[in-house]
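Analysis of the macromolecular model
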Amino acid sequence: MTEAILLVGGKGTRLRPLTVHTPKPMVPAAGVPFLTHQLARARAAGVEHIVLATSYLAEVFEPYFGDGSSLGLHIEYVTEEEPLGTGGAIRNVASRLHSGPDEPVLVFNGDILTGLDIRALVRTHETTGADVSLHLTKVTDPRAYGLVPTDGTGRVLAFLEKPQTPEEIVTDQINAGAYVFRRSVIDTIPTGRPVSVERETFPELLAAGAHLQGMVDSTYWLDLGTPAAFVRGSADLVLGRAPSPAVPGRCGDRLVLPTATVAPDAKLAGGTVVGEGAFVAEGARVFGSTILPGAVIEPGAVVTDSLIGTRARVGERSVLTGTVIGDGAVIGARNELREGVRVWCDARIPEGAVRFSSDQ
C-alpha cells in the first residue's frame, strides 16, 4: 500500500471569483469537484490512504467526501490554522501517516491536472533508492516555473526558480508538482512555521547530499491556476485528452449532467459541461465552456471558452468569450464580454451595457 498527502489548502486567488465561495479543488471540472479526479487517479494507482491538508474553506471537504469509502479510499483531514506553505503543510499532517521510515509517501498539489503514471514514479523512487523523487515535465516556455536540471541518470542537480534571462534557462524540465518522499525525510521538515518545499526543503536536501531523483513524464499536464486553464482542463477531461476515471459519463464533445436541461436546437461542443439543474435555452451555442449547477443560458446566447458560475444567468443574445461569471451574477441581454473579463459574484450587468461592436 502507498499512502498520499494532497495539498488542498490554497486560497486560489488567481481563480477568483470562482473561489470566493468554493476552495479551488472543489470547483467542478467535468461535472465533479476537481479534487475527485485526483482522488480517483490515486486510487487507480493503488493508493488506499490519503490525508488532505486543508486550510481555506476547510469545512467544505469532509461533508462532500466523508471518510472516502465511496471512492474506495480512507481519507483523513488536517486543517492548518495559519497557512504553512507546501513543506509546512506536508509536515503538519505527518502524524496521520502509517508508513515506516523507509516507505514511500506520495504528495500531490491540489491544482495540477496530469496524466502522470503514478506507479512508475513510485517504481523510480524505489529502484533508485532516492530520498525524494519528483515528477518533471517539459514545457516550451519555462520562465513561469521552477527549473530542475538532471544528470544522465535522472538525478537532480539543482533547483532554479523562475529564470528570466536566456542564460538562466538551462533546461526545459520543470517541477510538475507530484513527489514521492521517503517517510523519514518528511520528519526533517521544520514544524510550526511556513516552509516551501520548492524554495527551502529541496535545495537544502540537495546541499546536504541527499538523493533527489527526477522522472520526466511528458503526458498531459496542466496547472489549473488561472480561469482560462481551469476551463481548458475541464474541457480536456470531457474530450478524453486528460485521463480520469471520475468523469461522470462517456468522453465526447459534451457532458450534460442528469438534471440539466438543454433545448433541442441548442449547440454544445468542444468539451462543454452543463451542470446539475442548469438550463441552456433554444438557439444558444456553447463551446468549450463549463456551465455550473443551476446556471441559465438564455435564447441565442453564445458562450465560448468561459465558465458560468452556480445560479448565474447569461441574457438573451449575449456573447461571452474567455470570461468568468461569478456565482449568482446576471448578465443582461445583448452584452458582449471578451477575454479576461471576470464578473464578480451576484453582480448585475444591465441589458446592452457592455459592447465591443455597434448595437445595430
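Quick caveat, the model's predicted, so the values are computed rather than measured.

Moving on: the UniProt feature "domain: Mannose-1-phosphate guanyltransferase C-terminal" (unreviewed entry) in the protein. Residues given the UniProt feature "domain: Mannose-1-phosphate guanyltransferase C-terminal" (unreviewed entry) here are residues 252-332. Between the C-alpha atoms that bound residues 252-332 there is a distance of 31 Å. The span itself is 0% helix and 42% strand.

Cross-referencing UniProt, the feature "domain: Nucleotidyl transferase" (unreviewed entry) maps to residues 4-236 in the present numbering. What you have in residues 4-236 is 26% helix and 26% strand, and the ends, taken at the C-alpha atoms, are 25 Å apart.

It is worth spelling out helix α1 (residues 34-44) at this point. The α-helix advances 3.6 residues per turn, and as a result positions three or four apart in sequence lie on the same side. In terms of burial, α1 is a largely internal element, 9 of the 11 residues being buried. For α1, the full list of buried residues reads F34, L35, T36, H37, Q38, L39, A40, R41 and A42. Phi turns positive one or two residues past the end of α1, at G46, with a value near 105°.

Within a pair of aromatic rings, the relevant descriptors are the distance that separates the centres and the angle that separates the planes. A complete count under the given rule lists 7 aromatic pairs for this structure. Measuring from ring centre to ring centre gives 5.4 Å for F159 and F202, while their planes differ by 25°; the resulting arrangement is stacked. Of the two residues, F159 sits in the loop between β9 (146-147) and β10 (160-161) while F202 sits in helix α6 (residues 197-207), which places them 43 residues apart along the sequence. Each member of the pair, F159 as well as F202, is classed as buried. Between Y179 and F181, the aromatic rings sit 6.3 Å apart at their centres with planes inclined by 90°, giving edge-to-face as the arrangement. With respect to burial, Y179 and F181 carry one shared label: buried. Chaining the aromatic ring pairs together yields one cluster made of F159, Y179, F181 and F202.

We now examine the side chain of E3. Position of E3 relative to the elements: it lies in strand β1 (residues 2-7). Buried charged residue E3 carries no salt bridge. Nearest counter-charge: R183, at 5.5 Å. A distance of 2.7 Å separates the side chain of E3 from the backbone nitrogen of H98, its partner in a polar contact. At 2.6 Å, the side chain of E3 and the side chain of S99 are in polar contact.

The buried count for strand β8 (residues 132-138) comes to 6 of 7 residues, which makes it a mostly enclosed element. Two elements, β8 and strand β11 (residues 173-182), share 6 bridges in a ladder whose sense is antiparallel. Paired with T137 across the bridge in β11 is I174. Relative to strand β12 (residues 212-216), β8 runs parallel, the two sharing 5 bridges. For H135, the partnering residue across the bridge sits in β12 and is M215.

All right, on to the pattern of salt bridges then. Summed over the entire model, instances satisfying the criterion amount to 12 salt bridges. Here D131 and R182 are joined by a salt bridge, their closest N and O atoms 3.2 Å apart. On the criterion of sequence distance, the pair formed by D131 in the loop between α4 (118-128) and β8 and R182 in strand β11 is long-range, its members being 51 residues apart. No difference in accessibility class separates D131 from R182, as the two residues are buried. One salt bridge connects D187 with R183, and the closest N-O pair in it is separated by 2.8 Å.

The rules we used
- Starting afresh in each chain, residues are numbered from 1 along the sequence in its written order.
- Side-chain atom pairs in this predicted model are given and counted only at pLDDT of 80 or more, local residue features only at pLDDT of at least 70, and totals for whole chains, interfaces and linings cover all residues.
- Only hydrogens and water are removed before side-chain values are computed, so all heavy atoms of the structure are retained for them.
- UniProt positions are given in the numbering used here, feature names are shortened, and annotations may be inferred rather than shown by experiment.
- Each helix corresponds to a stretch of at least 4 residues labelled H or I by DSSP, and each strand to a stretch of at least 2 residues labelled E; elements are numbered beginning at the N terminus.
- Per-residue accessibility, obtained with a 1.4 Å probe over protein chains only, is compared with the maximum for each type, and a residue is labelled buried under 20%, exposed over 50%, and partly exposed between these values.
- Here the aromatic set is Phe, Tyr and Trp, taking the six-membered ring for Trp, and pairing holds for ring centres within 6.5 Å; pairs whose planes are under 30 degrees apart are stacked, those over 60 apart are edge-to-face, and all others are tilted.
- Two residue types count as positive, namely Lys and Arg, and two as negative, namely Asp and Glu; His and chain ends fall outside the count.
- Each salt bridge in this description consists of a side-chain nitrogen of Lys or Arg and a carboxyl oxygen of Asp or Glu lying within 4 Å of one another.
- Identification of polar contacts relies on pairs of N or O atoms within 3.5 Å, with a donor-acceptor requirement for protein atoms, meaning one able to donate a hydrogen and the other able to accept it, and with residues adjacent in sequence counted only if both atoms are side-chain atoms.
- Here the rule is simple: two strands pair whenever DSSP picks up at least two bridges between them.

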